[in-house]
Amino acid sequence: MNRRFNKTIALSINTCQFLFQPQMEPRRPVSSAVKTIALLSHFSATRPEIGLSEFCRLAGRDKATTHRHLQALEESGFVEQNPVTKAYRLGPVVLQLARTRELTMPRKAGAETVASRIAETTGETVHVSVLSGSTLYPLTSCESDKHSTRVIIDVQTFPLHATASGICALAFGPQELLKVACGDMHAFTRDTPTSPEVLERAVDAARQTGFARSDRGYEEDVSSISAPIFDQSGLFAGAVSVASVTSRFTPELQRRIQSELIAASREISRNWGGKVPENIESVWRLHTKIQEVKDVTS
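Residues numbered from 1 in each chain as written. Predicted model: local features only at pLDDT ≥ 70, side-chain atom pairs only at ≥ 80, totals over all residues. Heavy atoms only, no water.

Caption draft 1: Region of the structure containing helix α9 (residues 196-209). In this model, α9 (14 residues) spans 20 Å end to end at C-alpha, consistent with the 20 Å of a helix rising 1.5 Å per residue. Restricting attention to buried positions, one finds in α9 the residues L199, V203 and A206. Taken down its axis, α9 places every buried residue within 55° of arc, on the same side. Every exposed residue of α9 that faces more than 90 degrees away from the buried side is listed here: R201 and Q208. Looking at the packing, one finds that the buried side of α9 touches α7 (164-172), α8 (176-182) and β6 (212-215). Where α9 ends, the next residue or the one after it, G210, has phi of about 85°, a positive value. (Helix = DSSP H or I, 4+ residues; strand = E, 2+ residues; numbered from the N terminus. Expected span 1.5 Å × (residues − 1). Buried < 20%, exposed > 50% of the residue type's maximum accessible area, 1.4 Å probe, protein only. Arc of directions from axis to C-beta. Contact = heavy atoms within 4.5 Å.)

This is how it looks when you write it as structure tokens:
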């Protein structure tokens, strides 16, 4: 029992080091432990169970090596086998780590209530993302039942160049992220930014207004706006976003969403132990005044 517990702790430490080490450091030789843990990244909501042969294909490794790595994960409780299909699925240790993460850094709890309220107010889908290294992960999302046609958030990570959340991270997160984004500018739609120049213009616009915008950049007929979130470090920690069907995305809806996002950014940042920097607050105040003038003169 002690031996298994020690192996679990050791593998847990390696997991944390792999997941949270800065992604922009110079590449180093990949250890066997990292290769083992990397297998966990292939699980998703649409792929909850994976057989050995499929693991070999996904990881690009031979059968003997893949099986050895899976055995190590199974012994430590990170994966378990379905007794009927023999396919692998996430094990109980992953749940334990997730609970520990949320207890010590309660990001999700500090965002869910806010997201639910904005979804009700705007009638659109709201989602919150968190930045780890150079990757932007979905944290929570909430859909409104006001419309039969709505945006569904079903991604493992948010592309930095193609989503409002990603552009928000580029505008207010670490400077090195832009280089990472420019290194992978896959075109998801005809409107996806596929050149550094176009992406830089979108990032500049976000800095000038305090909001990042994506108009059909990731999915056809989906428009979204995002605002930054900050934690106790005072640095960019994630983004709160509203996604709408493009045909509903009127100027009036955009103004309402932006107003809600300002309040949401402040509240979630406070829940995460941080606050919105004064330079962004100033940009929001100026943007709000400009919108008020436009409303009066129109």
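Now that the structure has been shown, the text picks up again.
Caption draft 2: View of the side chain of S265. Looking at the secondary structure, you find S265 in helix α10 (residues 251-271). In this structure the side chain of S265 is engaged in a polar contact, spanning 2.4 Å, whose partner is the backbone oxygen of P228. Look past the residues within four positions of S265 in its chain and what remains in contact with it is A227, P228, I229, V240, V276 and W284. (Polar contact = N/O pair within 3.5 Å; in protein donor to acceptor, adjacent residues only side chain to side chain.)

Caption draft 3: α7, seen in detail. Summarising burial for α7: 9 of the 9 residues are buried, a large majority. Turning to α7, its buried residues number three or more, namely A164, S165, G166, I167, C168, A169, L170, A171 and F172.

Caption draft 4: Highlighting the environment of E260. One can find E260 in helix α10. Classification of E260 by relative accessible area gives buried; the value is 18%.

Caption draft 5: Representation of the pairing of strand β8 (residues 236-245) in the model. Counted residue by residue, β8 has 10 buried out of 10 residues, so it is predominantly covered. Relative to β8, strand β7 (residues 222-230) is paired through 9 bridges, and the arrangement is antiparallel. Within the sheet, the bridge partner assigned to S226 lies in β8 and is S241. (Pairing = 2+ DSSP bridges.)

Caption draft 6: Molecular detail of unusual backbone geometry. The phi dihedral of R216 is positive, around 60°, even though this residue is not glycine. Phi angles above zero are rare outside glycine, and D221 is one such case at about 65°. Accessibility expressed as a relative area gives 47% for D221, which makes it partly exposed.

Caption draft 7: Spotlight on the sheet that holds strand β1 (residues 49-50). Spatially, 3 strands are ordered β1-β3-β2 in an open sheet, and the strand pairing comes out antiparallel. The open sheet has two edge strands, β1 and β2 (79-81), and neither has a second partner. As defined by bridge partners, β2 adjoins strand β3 (residues 88-90) across 3 bridges and the pair is classed as antiparallel. The partner of Q81 across the bridge, within β3, is Y88. Relative to β2, helix α4 (residues 63-75) is tilted by about 105°, and along the sheet it contacts β2 and β3. (Axes fitted to C-alpha atoms, helices over the stretch in contact; angles between N-to-C directions.)

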